[in-house]
Amino acid sequence: MSRLVHTGQVIVDLVLRVPDLPRRGGDVLADGMDLTPGGGFNVMAAAARSGAEVVYAGAHGAGRFGDAVRAALAAEGIAVAQAPLSDVDTGVCVVLVDAGGERTFVTGTGAEGLLAPGRLDDVPVAADDLVYVSGYSLAHAPNRAALVAWLPTVPARVLLDPGPLAADLPLDLVLPHVDILSCNAAEARALSGKDSLTEAASSLGGTVVVRDGPAGCLLSVDGDVRTIPGFPVEPVDTNGAGDAHCGVLAAELLAGADLVVAARRANAAAAMAVLRPGPATAPGRQEIDEFLAAQR
């Protein structure tokens, strides 16, 4: 069976729901909090819930946060390819979700940022697999070196999600090996230098998926752009919407769907995900089927 091989980072999210972000030096009482696995976990959980076989190939720590990550992966049926690093724990991200559902991040890096060169060499990858690369990996020197050495040897398709730091990352190191670029509207504009989202998608070249919130997404294949309409909803929490989109897109491509069908199901998954509080809120395959049937 084709697999999603995820090379990014899984961390622990401390999610705090706040009425507003605190001013500098100020203090805000949270309306609620959760401690959950986050980062790449959200993408992998979304793909697994849509029926994909998923392997986590990234680094993870040996402490309580690493234990929590591995337990969460196991609960979703996700295999772990690497042994834990023995001398450092997995990192933590503080996620502030305001009353409008928007999220703000502060991340403390741990073992997930220490993927040494060569550690990916023993991860088997077949031609019909899909390798997921996160832009966040390029922010960590060890992970960056590991990917740069490994990606040229990979026989599978590669999907890159550059993330919010896209404009500040050396994406040129991995782009020659990328088959599908999936980014949000802000990232597409930052990477292309274009204000028009259509022009941004077209100018990025190759196969590009640009997520545009409730409007859906744009697909660009060799500069030919089309819009796949979204499903506008009133969001409860936008944290993890892009991850749900990426994970379901990957799962559908692995199942043999064409890009248009995969993108429509990914749009539905993202719309459903924002109706639920928390980062890993992607729906399952049957839920997506029922949601889409109700739209007809």
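The notes below deal with the structure included here.

Procedures and definitions
- Residues numbered from 1 in each chain as written.
- Predicted model: local features only at pLDDT ≥ 70, side-chain atom pairs only at ≥ 80, totals over all residues.
- Heavy atoms only, no water.
- Salt bridge = Lys/Arg side-chain N within 4 Å of Asp/Glu carboxyl O.
- Helix = DSSP H or I, 4+ residues; strand = E, 2+ residues; numbered from the N terminus.
- Buried < 20%, exposed > 50% of the residue type's maximum accessible area, 1.4 Å probe, protein only.
- Contact = heavy atoms within 4.5 Å.
- Axes fitted to C-alpha atoms, helices over the stretch in contact; angles between N-to-C directions.
- Parallel < 35°, antiparallel > 145°, perpendicular 65-115°, else oblique.
- Left-handed = near helix turned anticlockwise from the far one by under 90°.
- Nonpolar A, V, L, I, M, F, W, Y, C, P; charged D, E, K, R; others polar.
- Phe/Tyr/Trp six-rings, centres within 6.5 Å; stacked < 30°, edge-to-face > 60°.

Quick notes on the pattern of salt bridges
So, step 1. The tally for this structure, following the rule as stated, stands at 9 salt bridges.
So, step 2. With a closest N to O distance of 3.5 Å, Asp 129 and Arg 3 form a salt bridge. Separated by 126 residues along the polypeptide, Asp 129 in the loop between β7 (103–108) and β8 (130–134) and Arg 3 in strand β1 (residues 3–6) bring together distant segments of the chain. Per residue, the accessibility class of Asp 129 equals that of Arg 3, and both read buried.
So, step 3. Shared partners join several salt bridges into a network, and the residues in it are Glu 252, Arg 265, Arg 285 and Asp 289.

Looking at the environment of Pro 155
So, step 1. Summarising the element assignment, Pro 155 is placed in the loop between α3 (141–150) and β9 (157–161).
So, step 2. Linking Pro 155 and Asp 129, residues 26 residues apart in sequence, is a C-alpha distance of 8.4 Å.
So, step 3. Setting aside anything within four residues of it in sequence, one finds Pro 155 in contact with Val 125, Ala 126 and Ala 127.

What to know about the packing of helix α1 (residues 40–49) against helix α6 (residues 241–254)
So, step 1. Relative to each other, α1 and α6 sit at 45°, their axes nearing to 7 Å. With respect to each other, α1 and α6 are oriented oblique. Considering how the two elements wind past one another, α1 and α6 form a crossing that is right-handed. Contact residues: α1 offers Asn 42, Val 43, Ala 46 and Ala 47, while α6 offers Asp 243, Ala 244, Cys 246, Gly 247, Val 248 and Ala 251.
So, step 2. Across the contact of α1 with α6, the residue classes break down as 7 nonpolar, 2 polar and 1 charged.

Quick notes on unusual backbone geometry
So, step 1. Of note, the phi angle at Asp 222 is positive, near 55°, even though the residue is not glycine.
So, step 2. Along the chain, Asp 222 falls in the loop between β12 (216–221) and β13 (224–229).
So, step 3. The exposure class of Asp 222 is exposed, given its relative accessible area of 67%.

Here's the deal with the packing of aromatic side chains
So, step 1. For the structure on display, the rule yields 1 aromatic pair.
So, step 2. Summarising the aromatic geometry, the rings of Phe 231 and Phe 291 are spaced 5.3 Å apart at their centres and angled 80° between planes, so their arrangement reads as edge-to-face. With Phe 231 in the loop between β13 and α6 and Phe 291 in helix α8 (residues 285–294), this pair connects stretches of sequence that are 60 residues apart. When sorted by exposure, Phe 231 lands in the same class as Phe 291, which is buried.

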